[in-house]
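One letter stands for each residue in the lines below.
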Amino acid sequence: MKMPMAKWICYAVGYVFIITGIVKLLFDDFQTNFNSLDLPFPETFLLIVAITEIVCGALIAGRFYVKEASLPLIIIMIAAILLTKLPFLTDQGFFQFLYAARLDIVMLVLLLLLWNHVRGQKFR
């Protein structure tokens, strides 16, 4: 029996965000990264982003409220690209930017697919 593509995408997206959120809570490197972004209250932002990634990732992996859980993650991915990857364009060039942002861009595309997907319809 074949598993629908939407389930595979949900499992993959959920996995990436659950692991990423957990790692943000466990390792101090992310605290340093958030402090360097000149955001107000970087520790609070880090905690909010990590918890959002874990909760929304779990919802998507479980295929509950997929559309609703995708939107906060889309916002996080856009912010991540703008704040952490866009500087590569000016500092190191276009191809370094593309390389650094590859996972962010793939996750953003998959989240947009999930957000636009109507349950019960096939991906085309």
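What you see is a predicted model; the values in this text were computed from it and never measured.

Each helix and strand counted, the chain has 7 helices and 0 strands in total. Taken from the N to the C terminus, the helices and strands of the chain come in the order α-α-α-α-α-α-α. In terms of its C-alpha atoms, the chain occupies a principal-axis envelope of roughly 45 × 30 × 20 Å. Of all 124 residues assigned to the chain, the portion counted as buried reaches 29%. Once local pairs closer than 6 in sequence are excluded, the contacts in the chain between residues at least 24 apart make up 62%. Put simply, the chain shows about 8,300 Å² of open surface, and 70% of that area lies on carbon and sulfur atoms. Treating the 10 positive side-chain charges of the chain as one cloud and the 8 negative ones as another, the clouds have centres 24 Å apart.

Orientation of helix α1 (residues 5–26) relative to helix α7 (residues 102–116), taken along the N-to-C sense of each, is 130°, at an axis distance of 10 Å. Relative to α7, α1 is oriented oblique. Considering how the two elements wind past one another, α1 and α7 form a crossing that is left-handed. Contacts from A6, I9, C10, V13, V16 and F17 in α1 reach M107, L110, L111 and L114 in α7.

Right, let's get into unusual backbone geometry. Note on backbone geometry: most residues besides glycine have negative phi, and most peptide bonds are trans. Even without being glycine, F41 reaches a positive phi, approximately 50°. Tracing the sequence through the fold places F41 in the loop between α2 (29–35) and α3 (42–61). Under the relative-accessibility criterion, F41 is labelled exposed at 64%. Its identity is not glycine, yet Y65 carries a phi of approximately 50°, on the positive side. For Y65, the position within the fold is in the loop between α3 and α4 (66–85).

A word on the packing of α3 against α4. Packing of α3 against α4 leaves a shortest axis separation of 9 Å and a crossing angle of 145°. Like other packed secondary-structure pairs, α3 and α4 cross with a definite hand, here left-handed. Residue-level contacts link V49, T52, E53, C56, G57, L59 and I60 of α3 to V66, A69, S70, P72, L73 and I76 of α4.

Summary: where empty space remains is shown by rolling a probe the size of a single water molecule over the atoms. Counted as a void, the largest pocket has a volume near 730 Å³. The set of elements that each furnish at least two residues to the lining of the largest pocket consists of α1, α2, α3, α4 and α7. It is α4 that contributes the most residues to the lining of the largest pocket, 8 residues altogether. Split into classes, the residues belonging to the lining of the largest pocket amount to 18 nonpolar, 4 polar and 4 charged.

Cut-offs and rules
Residues numbered from 1 in each chain as written. Predicted model: local features only at pLDDT ≥ 70, side-chain atom pairs only at ≥ 80, totals over all residues. Heavy atoms only, no water. Helix = DSSP H or I, 4+ residues; strand = E, 2+ residues; numbered from the N terminus. Buried < 20%, exposed > 50% of the residue type's maximum accessible area, 1.4 Å probe, protein only. Contact = heavy atoms within 4.5 Å. Areas by Shrake-Rupley, 256 points an atom, 1.4 Å probe, with all protein chains shown as cover. Lys, Arg positive; Asp, Glu negative; His and termini not counted. Charge placed at Lys NZ, Arg CZ, Asp CG, Glu CD. Axes fitted to C-alpha atoms, helices over the stretch in contact; angles between N-to-C directions. Parallel < 35°, antiparallel > 145°, perpendicular 65-115°, else oblique. Left-handed = near helix turned anticlockwise from the far one by under 90°. 1 Å grid on protein atoms, 1.4 Å probe; cavity = no way out; pocket = protein on both sides within 12 Å on 5 of 7 lines; lining within 4 Å. Points joined across faces, edges and corners; volume = space filled by probe spheres on them. Nonpolar A, V, L, I, M, F, W, Y, C, P; charged D, E, K, R; others polar.

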